Amino acid sequence: MNVKIESSWKEQLEDEFSKPYFESLGQFVREEYTSNTCYPPGNLIFSAFNHTPFNKIKVVIIGQDPYHGIGQANGLCFSVNEGISHPPSLMNIFKEIETDLLIPYPKSGNLERWADQGILLLNATLTVRAHEAGSHQKKGWEQFTDAVISKLSEEQEGLVFLLWGGYAKKKGAKISAQKHLVLSSGHPSPLSANRGYWFGNKHFSATNTYLKEAGKQQISW
């Protein structure tokens, strides 16, 4: 795969791109995009990295799969393009922000505004076949994003990792809680949120308090 990615990330992940598993992954992705409709568009696969350079990261949110509906996925976890209806999980994220920080529910579900402030919106799997959830899992993306998380944990200090749901908690199990703030809760999906595992987690105010105490610019959620 000819990886077009922001220069600081290219430097950090150069070794990963040359590994055999990534070569196989690249071939799989090329074939999938040639023979099927896949999301996000090819130029947005590495959008999370391109919006948020390695040394600008303050917060990491871990998702699982890109959205697989028409026009939804834009390469950032939980985010949708302008004018697209908000999926249920995103609605619950915005509702929690609304009650936690008393911020009005936003019109746009495009989270580029978060990414540009230093939030890495990282899906575990960066591509998916249209209307087939999980179709690109276990092809190598998870190994790649595990390496990204490990590098952030080991080489950075004072990041906030937001782990929502069992999958994200497992994915972030090796993050150093001595060096970083690790906040966990249930997933914002209706199934989890309606059982009381999401609402009231106050992750957004907790993130800003931590950033403020570290002398960093708070996030405008």
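Above this text is the structure in question.
This is a predicted model, so every value here is computed, not measured.

What counts and what doesn't
- Residues numbered from 1 in each chain as written.
- Predicted model: local features only at pLDDT ≥ 70, side-chain atom pairs only at ≥ 80, totals over all residues.
- Heavy atoms only, no water.
- Axes fitted to C-alpha atoms, helices over the stretch in contact; angles between N-to-C directions.
- Helix = DSSP H or I, 4+ residues; strand = E, 2+ residues; numbered from the N terminus.
- Parallel < 35°, antiparallel > 145°, perpendicular 65-115°, else oblique.
- Left-handed = near helix turned anticlockwise from the far one by under 90°.
- Contact = heavy atoms within 4.5 Å.
- Nonpolar A, V, L, I, M, F, W, Y, C, P; charged D, E, K, R; others polar.
- Expected span 1.5 Å × (residues − 1).
- Pairing = 2+ DSSP bridges.
- Phe/Tyr/Trp six-rings, centres within 6.5 Å; stacked < 30°, edge-to-face > 60°.
- Buried < 20%, exposed > 50% of the residue type's maximum accessible area, 1.4 Å probe, protein only.
- Core = buried A, V, L, I, M, F, W, Y, C linked by side-chain atoms within 4.5 Å.
- Polar contact = N/O pair within 3.5 Å; in protein donor to acceptor, adjacent residues only side chain to side chain.

Draft legend 1. Representation of the packing of helix H2 (residues 20-35) against helix H6 (residues 141-155) in the model. One can describe the packing of H2 onto H6 by two numbers: an axis separation of 9 Å at closest approach and a directional angle of 130 degrees. Comparing their axes, H6 and H2 come out oblique. Here H2 and H6 pass one another in a crossing that is left-handed. Together, Tyr21, Phe22, Leu25 and Val29 of H2 and Trp141, Gln143 and Phe144 of H6 make up the contact between the two elements. Here the residues of the contact of H2 with H6 are counted per class, giving 6 nonpolar, 1 polar and no charged.

Draft legend 2. Structural view of helix H4 (residues 88-101). Over its 14 residues, H4 extends 20 Å from the first C-alpha to the last, a length consistent with the 20 Å expected when each residue adds 1.5 Å. For H4, the secondary structure elements touched by its buried residues are helix H5 (112-115), strand E5 (160-164), helix H8 (190-193) and helix H9 (203-213).

Draft legend 3. Focus on the sheet that holds strand E6 (residues 181-185). The sheet built from 4 strands is open, its strands ordered E3-E2-E5-E6 with parallel pairing. Edge positions in the open sheet fall to strand E3 (119-123) and E6, since each of these has one partner strand only. Going across the sheet, the axis of each strand differs from the next one's by a mean of 20 degrees, ignoring polarity. For strand E2 (residues 59-63) and E5, the ladder comprises 3 bridges, and the chain directions are parallel. Residue Val59 lies in a different strand from E5, and its bridge partner there is Val160. Relative to E3, H6 is tilted by about 150 degrees, and along the sheet it contacts E2, E3 and E5.

Draft legend 4. Molecular detail of the packing of aromatic side chains. Applying the stated criterion across every chain yields a total of 21 aromatic pairs. Judged by centre distance (5.1 Å) and plane angle (90 degrees), the ring pair of Trp9 and Phe54 falls under edge-to-face. With a gap of 45 residues between them, Trp9 in helix H1 (residues 7-17) and Phe54 in the loop between helix H3 (47-51) and E2 connect regions that are remote in the sequence. Residues Trp9 and Phe54 agree in their burial class; the two are buried. On the basis of an interplanar angle of 55 degrees and a centroid distance of 5.3 Å, the ring pair of Phe22 and Phe144 is categorised as tilted.

Draft legend 5. Just the nonpolar core, in detail. Of all hydrophobic cores here, the largest spans 61 residues; its most connected members are Trp9, Phe46, Phe49, Ile61, Trp114, Phe144 and Leu152. Apart from residues lying up to four places away in sequence, Ile61 is in contact with Cys77, Phe78, Trp114, Ile119, Leu120, Leu121, Leu122, Leu162 and Trp164.

Draft legend 6. Expanded view of H6. With 15 residues, H6 extends 21 Å from end C-alpha to end C-alpha; this agrees with the ideal 21 Å at 1.5 Å per step. Considered for burial, the residues of H6 that qualify are Trp141, Glu142, Phe144, Thr145, Ala147, Val148, Ile149, Lys151, Leu152 and Ser153.

Draft legend 7. Just the side chain of Ser108, in detail. Note on placement: Ser108 falls in the loop between H4 and H5. For Ser108, a relative accessible area of 17% corresponds to the buried category. Within polar-contact distance, the side chain of Ser108 engages the side chain of Glu82 at 3.0 Å. Beyond its immediate sequence surroundings of up to four residues, Ser108 is in contact with Glu82, His86, Phe94 and Arg113.

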